[in-house]
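A look at the structure
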Amino acid sequence: MEMENEMNEPSYWPSVFLAGVIVAFIMSALGLGSGYMTLGSEPTGETFSAASFLGILVCLIAGIAGIIATRHYAREHDVTFPIGRGALIGFLSGVTAVTISTLVGLLWTAVIDPNMNQALYDWQIMNMEAANMTEEQIEMTLKFTPKPGSMMAVLSQFGIGLVVIGIFNLLTGMIGAKVFASEE
Amino acid sequence: MNATIHIEHKGLYVFVLFASMILTILALGPGIFGAVDPVASIHSIQHQIFNMVCHQDPLRSFSVNGGYMAVCSRCIGIYAGFTIIWLGMPWIARMFKLENVPFLQLFIGAIMLNLVDVFGNLIQFWTNTDGSRFIFGIIFGVSTALLLINEFFKQKMIED
């Protein structure tokens, strides 16, 4: 009986995909915008800039995939669902968003602006020099920071994104289920 | 009047508990593992983990053992508030009557409070501090965890 009910439930994948795509494109636009703002500014040695501020918006946007997906799923099918399902929908939306935005970033730096990663890397070094860091400190820092665009950098950013953004959206998915699809 | 509670979605509760505890410990930065050079701390693995979700401005972050935390003062407040309430959920559900508490309104209020604080500081109407940002962050984290408490711990009131 339970299995039959589950089979009759509408699929949540369209909502997951929709939320993932919307959030991924906003994340990509803000991420690239932040990168170009950095390149357009003088390296002053500051670790925080207007470009970093734009980067924060990425985080706020990245966290709402769970809300968008659960709201869309509940409204589209006029259904209620438990918080566990909301968590799953949220987590999957976050994972979808990170995957698509990583692909957009890769495509951008491979086809549209292949020099972007190298320019960002050089800018980072100039910024550290402007902060009066010694050559030793710069070398040590670069040892722990993978070169932007390298396979190591892409994989580590992707892995961290999956876990962190996934967990954030798991939480917002639960909140979405509570607010838009509560069975009470 | 006593309350008996029964837990629902136990696996999800435990998962979120561990995830939030791990994230909070990581957010404290490299300083919790010993003395660190402030400059080196900015490029630590902890900072890389949170660079997608926080501006990490050292001027707006607390430090531990010389090393900057991996998130700003508001974010560490959010993580700490959320984790403490999540950890204490079974006790809170046992001790307090949670029926009819307007948790959603508290949650929306906490969001508005933080937005007003950010905006007021941005237009230089006031200047917020690490302490004020931390407290507002805690309020948001606490209200987020409380919003979900009834989903995990169902209360049944019993007459003495």
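Note that the coordinates shown come from a computational prediction; the quantities given were computed from them, not determined experimentally. (Residues numbered from 1 in each chain as written. Chains lettered and ligands numbered in written order. Predicted model: local features only at pLDDT ≥ 70, side-chain atom pairs only at ≥ 80, totals over all residues.)

On to the overall build of chain A. When helices and strands are counted, chain A shows 8 helices and 0 strands. If you list the helices and strands of chain A from N to C, you get α-α-α-α-α-α-α-α. A buried classification covers 36% of the 184 residues belonging to chain A. Contacts in chain A between residues far apart in sequence, at least 24 positions, make up 85% of those at least 6 positions apart. (Helix = DSSP H or I, 4+ residues; strand = E, 2+ residues; numbered from the N terminus. Buried ≥ 20, exposed ≤ 12 C-beta atoms within 10 Å, placed from the backbone. Contact = placed C-beta atoms within 7 Å.)

When pLDDT is averaged along chain B, the result is 90, and 96% of the positions lie at 70 or above. Per the prediction output, this complex has pTM 0.87; the corresponding ipTM is 0.89. (pLDDT = per-residue confidence, 0-100.)

Residue and element names in this part refer to chain B. Contact geometry of helix α1 (residues 10-27) with helix α4 (residues 73-95) gives a least axis separation of 9 Å together with a crossing angle of 145 degrees. When you trace α1 past α4, the crossing you get is left-handed. On α4, the residues that touch V16, L17, S20, M21, L23, T24 and A27 of α1 are C75, I76, Y79, A80, F82, T83, W86 and L87. Across the contact of α1 with α4, the residue classes break down as 12 nonpolar, 3 polar and no charged. (Axes fitted to C-alpha atoms, helices over the stretch in contact; angles between N-to-C directions. Left-handed = near helix turned anticlockwise from the far one by under 90°. Nonpolar A, V, L, I, M, F, W, Y, C, P; charged D, E, K, R; others polar.)

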